[in-house]
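One letter stands for each residue in the lines below.
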Amino acid sequence: MAVSSWAATTAFSVGDIRRSTTDQATGLFFQCAVAGTSASTEPSWPTDVGSTIVDGGVTWTAISSVYEELLKLSPSAVIELFELRLDNSLHGSSDVYRFHNGMSRNNVNIQANVVFNSQEYVRLPIAADGFEYSNTGTLPRPTLTVSNLDGTMTILLALVNATTAGNDLGGAEVRRIRTLKKYLDDINFRFDDTAITQDGNTLITQGGDTFIFSNIGNPSGVADPNAEFPQERWFIDRKANESRNSVTFELASKFDLAGQKLPKRQIIANVCQWIYKSSECGYNPAVGPGKQIDGVTYTRFDVNNEGVTTDAEDVCGKRVASCKCRFGDNAELPFGSFPGAGLTK
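Note that the structure is a prediction, hence the values are computed from the model and not measured.

Draft legend 1. Structural detail: the pairing of strand β13 (residues 143–147). Sheet analysis places strand β12 (residues 126–129) next to β13, joined by four bridges and oriented antiparallel. Bridge pairing links D129 to T143 in β13. Sheet topology places β13 next to strand β18 (residues 246–252); five bridges connect them, and they run antiparallel. The residue of β18 that forms the bridge with T143 is E250.

Below, the structure written as structure tokens:
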């Protein structure tokens, strides 16, 4: 089904289905559950199936864009597409490479390049595994193995490593896009047949022209670039293997923060972690208030909390006492650490 986009101040009936006016990666359409007239501005669409949103006098329910076809006894084949998106700061280019592995569900082979949403995906021997989610509490780390028989991947790796040494496409985004065969662009189903007789002879006109019958549409569906499963977006974490035959990459989610510690800041009792005179510290020697020593009020101090008169000598000792010299003994101190941490176990 080809679905129209949402429209402002428009009357909708129960059962009407619309999509967002902008591209979304959620794979959702929205079905009218309460009839009415839409608002003058587009709502912030929900991102979960079954969620609702009020739009003026209309209430929309989020549904899967491919739900109708998947409920059939013999649904259309699932087509799996991939996009490799480079980061200019890491790889010296913002190029996008699109490819598919020529296979789909229900043993349907795609023997040529695929066009979806007006973008061509090159048929290339690849193997993509490990996208399944589990209940173990860990995120998947899929692997993507790409053919290197013609040396293309080796050349690409050499180019990006010339920008960032040893990068090996690390940080490049990999998008996994899945749709159904019936929603592919019509150009995928264009072919020309020469008319022949029952005896196998080619039919020609009196002028010598051959009869050609052309098919220029999907016989089993209507092209719809918005009908797809929720997009999956991964990032290349490392190059796992490279040979003359193939290159294997290990992918990770953006939320997979290997090696990171929580909380991010270390809990230190007696050493301030703020940069002196930064926005967190907030101290301004020109304002003070400072501290009086031997009848002289100082607003600048060295690491030993001795009063000084020049900015060059003004160095914070990073202790609570250093804060008190500058802000006052009884003032609220912007001390960037946790003085009470050592008092509890």
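Next comes the rest of the account.
Draft legend 2. How the structure looks around the state of the cysteines. Overall, the coordinates contain zero disulfides when judged by the stated rule. No disulfide involves C325; its sulfur sits 9.3 Å from that of C316, the nearest cysteine. Under the relative-accessibility criterion, C325 is labelled buried at 5%.

Draft legend 3. View of the pattern of salt bridges. Tallying each qualifying case throughout the model produces 15 salt bridges. Of the charged contacts in the structure, one is a salt bridge between R176 and E80, with a shortest N-O distance of 2.7 Å. With R176 in strand β14 (residues 173–180) and E80 in strand β7 (residues 78–85), the pair connects residues that are 96 residues apart, well separated along the chain. For the pair R176 and E80, one class covers both residues: buried. In this structure, D314 engages K277 in a salt bridge whose closest nitrogen and oxygen atoms are separated by 3.4 Å. Note that D314 is positioned in the loop between β22 (307–308) and α4 (320–327) and K277 in the loop between β18 and β19 (291–293), a separation of 37 residues in sequence.

Draft legend 4. Main features of empty space enclosed by the protein. As enumerated under the stated definition, the model contains one cavity of 30 Å³ or more in all. Taken as a whole, the largest cavity holds about 100 Å³ of empty space. What lines the largest cavity is a set of 13 residues, among which C272, Y276, C281, C316 and C323 lie closest to the centre. Counted by class, the lining of the largest cavity contains nine nonpolar, one polar and three charged residues.

Draft legend 5. A look at the side chain of E228. Note on placement: E228 falls in the loop between β16 (212–216) and β17 (232–242). Although E228 lies buried, it forms no salt bridge, and the closest oppositely charged side chain, R233, sits 7.5 Å away as judged by the N-O distance. A polar atom in the side chain of E228 sits 3.2 Å from the side chain of Q231.

Draft legend 6. Representation of the packing of aromatic side chains within the structure. The tally for this structure, following the rule as stated, stands at eight aromatic pairs. Ring centres of F82 and F99 lie 6.0 Å apart, and the angle between their planes is 20°; this geometry places the pair in the stacked category. Here the residue F82 occupies a position in strand β7, and F99 occupies one in strand β8 (residues 96–104), the gap between them amounting to 17 residues. Of the two residues, F82 and F99, both sit in the buried class. Arranged with centres 6.3 Å apart and planes meeting at 15°, the rings of Y276 and Y283 form a pair that is stacked. Owing to a relative accessible area of 17%, Y276 belongs among the buried residues under this scheme. Three or more aromatic residues link up through ring pairs in this structure, and these residues are F12, F30, W45 and W60. Between the NZ or CZ atom of R178 and the centre of the ring of F229, over which it lies, the distance is 4.8 Å.

Draft legend 7. Local environment of the nonpolar core. With 21 residues, the main nonpolar core has F82, L84, L144, L169, I236, F249 and L251 as its most contacted residues. Contributing elements (two or more residues each) for this core: β7, β12, β13, α3 (152–163), β17 and β18. The element best represented in this core is α3, accounting for four residues. In this view, L169 contacts L84, L86, H91, M153, L156, L157, V160, I236 and F249; residues no more than four positions away in its chain are not counted. Membership of the second largest hydrophobic core comes to 10 residues, among which are I17, V78, L180 and A227.

Draft legend 8. Highlighting unusual backbone geometry. That bond from G288 to P289 is cis: its omega, 10°, falls within 30 degrees of zero. By the secondary structure assignment, P289 is in the loop between β18 and β19. Of note in the backbone geometry, S118 takes a positive phi value of approximately 65° without being a glycine. Checked against the element boundaries, S118 lands in the loop between β10 (114–116) and β11 (119–123). Although it is not a glycine, K318 sits at a positive phi angle of roughly 65°. With respect to the helices and strands, K318 occurs in the loop between β22 and α4.

Rules used throughout
Residues numbered from 1 in each chain as written. Predicted model: local features only at pLDDT ≥ 70, side-chain atom pairs only at ≥ 80, totals over all residues. Heavy atoms only, no water. Pairing = 2+ DSSP bridges. Helix = DSSP H or I, 4+ residues; strand = E, 2+ residues; numbered from the N terminus. Disulfide = S-S within 2.5 Å. Buried < 20%, exposed > 50% of the residue type's maximum accessible area, 1.4 Å probe, protein only. Salt bridge = Lys/Arg side-chain N within 4 Å of Asp/Glu carboxyl O. 1 Å grid on protein atoms, 1.4 Å probe; cavity = no way out; pocket = protein on both sides within 12 Å on 5 of 7 lines; lining within 4 Å. Points joined across faces, edges and corners; volume = space filled by probe spheres on them. Nonpolar A, V, L, I, M, F, W, Y, C, P; charged D, E, K, R; others polar. Lys, Arg positive; Asp, Glu negative; His and termini not counted. Polar contact = N/O pair within 3.5 Å; in protein donor to acceptor, adjacent residues only side chain to side chain. Phe/Tyr/Trp six-rings, centres within 6.5 Å; stacked < 30°, edge-to-face > 60°. Lys NZ or Arg CZ within 6 Å of the ring centre and 35° of its normal. Core = buried A, V, L, I, M, F, W, Y, C linked by side-chain atoms within 4.5 Å. Contact = heavy atoms within 4.5 Å.

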